[in-house]
Amino acid sequence: MLNMHQVAKIYRTELVETHALRALDLQVAEGEFVAVTGPSGSGKTTFLNIAGLLEDFTGGEYMLDGVNVKGLNDNARSKLRNEKIGFIFQGFNLIPDLNLFDNCDVPLRYRGMPAAERKLRIEDALGMVGLGSRMKHYPAELSGGQQQRAAIARALAGSPRLLLADEPTGNLDSQMARSVMELLEDINEQGTTIVMVTHDPELAARAQRNVHIVDGMATDLSVESTISRAHHAATA
C-alpha cells in the first residue's frame, strides 16, 4: 500500500538547511495497522504530510498503492489523494458552520459525486461511527469524542484505501480515547490500511506494528523485537 525508499526532505532558507527526513525507508502492507512514534521534532509530521501527498519530498521514491508519486503535478496528486487517502486530525478540523452531514459532504463534492451517492455514503459512514441520529447537529453541539468520530466518518465516506491519523486521541480523555481506538481497530478489521502517529505508548501497543522515527529515520520496532527474541533464544 505504502512504500517509501530512501525518502528525504530538506527545508532550506537563505541561512539554514534543515533535514527533516534522512533516507527514510518504510513499507506498509495493505490491511496493516501501523503506529508511528517518536519524539517531537523527529520528522513524524513531515512523514505524514508526505505520505498524504500534502507535501513533496526532496529525494527518494514513494509508491502509493502501486503509483509512483514522484513528479506528479498538483492536479494528479490532488486526485490521487482524494481517491485513496482519508485523514483524521488531532484537532478534528470540522467546519463549525456546517452540520455533520455537510461536513462529510464537502470532500465528496470535490470528487464530483452524484448527490444520491453522496447521501448514501454519508449516512453509512455516520451510522458506522454511531452518529446516524446526529447528522444534523453542529460540531459545537457534540462532545470531543463525538467530534472525532464525526471526523472519522468524514474520512470513511470517501472509502479510502489508506487512513492517516495524526494523534487522533490527543484531545480526548482516556475513556474517549479508548472508544476511538476501538473504532479504528474495527475499521482496520474491515480492510482499511491505517497509519497512526501517536505519543501514547498504550495506543501504539494496540497497533499491529510499531515504527519509531528519530532524526528523520525510521526503525521498525516489531522487527527489532523479533530479532532480540531470536538472539535471546539462541544464546539461552
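Residues numbered from 1 in each chain as written. Predicted model: local features only at pLDDT ≥ 70, side-chain atom pairs only at ≥ 80, totals over all residues. Heavy atoms only, no water.

**Student:** Would you take a moment to explain the overall build of the chain for this structure?
**Tutor:** Counting its regular elements, the chain contains eight helices and ten strands. For 236 residues, the compact-globule formula gives about 18 Å, and the C-alpha radius of gyration of the chain, at 19 Å, lands near that figure. Buried residues in the chain amount to 45% of all 236 residues. A fraction of 70% describes how many contacts in the chain between residues 6 or more apart in sequence connect residues 24 or more apart. For the chain, the accessible surface area stands at approximately 11700 Å², while carbon and sulfur atoms represent 50% of it. Here the chain holds 23 positive side-chain charges and 30 negative ones, and the gap between their average locations is 4 Å. (Helix = DSSP H or I, 4+ residues; strand = E, 2+ residues; numbered from the N terminus. Rg over C-alpha atoms; globule rule 2.2 N^0.38 Å. Buried < 20%, exposed > 50% of the residue type's maximum accessible area, 1.4 Å probe, protein only. Contact = heavy atoms within 4.5 Å. Areas by Shrake-Rupley, 256 points an atom, 1.4 Å probe, with all protein chains shown as cover. Lys, Arg positive; Asp, Glu negative; His and termini not counted. Charge placed at Lys NZ, Arg CZ, Asp CG, Glu CD.)

**Student:** What is the right way to look at the sheet that holds strand β3 (residues 33-37) in this model?
**Tutor:** Strand pairing in a sheet relies on backbone hydrogen bonds, with the paired strands running either antiparallel or parallel. Here we have six strands laid out as an open sheet, ordered β6-β7-β8-β3-β9-β10, and mixed in their pairing. Where the open sheet ends on each side, the last strands, each with one partner, are β6 (85-89) and β10 (217-220). With strand direction ignored, the average angle separating the axes of adjacent strands in the sheet is 20 degrees. Here β6 runs beside strand β7 (residues 162-166); their pairing, made up of five bridges, is parallel. If you follow Phe87 over to β7, its bridge partner there is Leu164. Contacts from helix α1 (residues 44-51) reach β3, β6, β7, β8 (193-197) and β9 (209-214) within the one sheet, and its direction differs from that of β7 by about 155 degrees. Docked against the sheet, helix α2 (residues 74-84) engages β6 and β7, running at close to 75 degrees with respect to β6. (Pairing = 2+ DSSP bridges. Axes fitted to C-alpha atoms, helices over the stretch in contact; angles between N-to-C directions.)

**Student:** Sorry, what's going on with the packing of helix α3 (residues 100-110) against helix α4 (residues 115-128) here?
**Tutor:** If you want to describe how two helices pack, look at the angle between their axes and the distance between the axes. Across the interface, α3 lies against α4 with an axial gap of 10 Å and an inter-helix angle of 130 degrees. Classified by the angle their axes make, α3 and α4 are oblique. Considering the relative orientation of α3 and α4, their crossing is right-handed. In this structure, α3 contributes Leu100, Phe101, Cys104, Asp105, Leu108 and Arg109 to the contact, and α4 contributes Arg118, Lys119, Arg121, Ile122 and Leu126. Of the residues contributing to the contact of α3 with α4, the split by class is six nonpolar, no polar and five charged. (Parallel < 35°, antiparallel > 145°, perpendicular 65-115°, else oblique. Left-handed = near helix turned anticlockwise from the far one by under 90°. Nonpolar A, V, L, I, M, F, W, Y, C, P; charged D, E, K, R; others polar.)

**Student:** Just to check I follow, could you spell out the layout of surface pockets for this structure?
**Tutor:** One water molecule sets the probe size; rolling that probe over the atoms shows where empty space is left. Here the largest pocket defines a volume of roughly 490 Å³. Asn82, Ile85, Phe87, Pro107 and Arg154 are, among the 20 residues lining the largest pocket, the residues nearest its centre. Within the residue set of the lining of the largest pocket, elements represented by two or more residues are α2, β6, α3 and α5 (144-156). With five residues, α3 is the largest single contributor of residues to the lining of the largest pocket. A per-class count over the lining of the largest pocket returns eleven nonpolar, six polar and three charged. Of the voids in this model, the second largest pocket is the one considered here, and its volume is about 190 Å³. Forming the boundary of the second largest pocket are Arg121, Asp124, Ala125, Met128, Leu156, Ala157, Ser159, Pro160, Ile187, Gln190 and Thr192. Residue contributions to the lining of the second largest pocket peak at four residues, all from α4. (1 Å grid on protein atoms, 1.4 Å probe; cavity = no way out; pocket = protein on both sides within 12 Å on 5 of 7 lines; lining within 4 Å. Points joined across faces, edges and corners; volume = space filled by probe spheres on them.)

**Student:** Please clarify how unusual backbone geometry should be interpreted in this entry.
**Tutor:** We note that Ser159 has phi near 50 degrees; this positive angle belongs to a residue other than glycine. Examined against the element boundaries, Ser159 turns out to sit in the loop between α5 and β7. Phi is positive for Glu167, close to 50 degrees, though the residue is something other than glycine. Mapped onto the secondary structure, Glu167 falls in the loop between β7 and α6 (174-189).

Nothing here speaks to function; it is geometry throughout.
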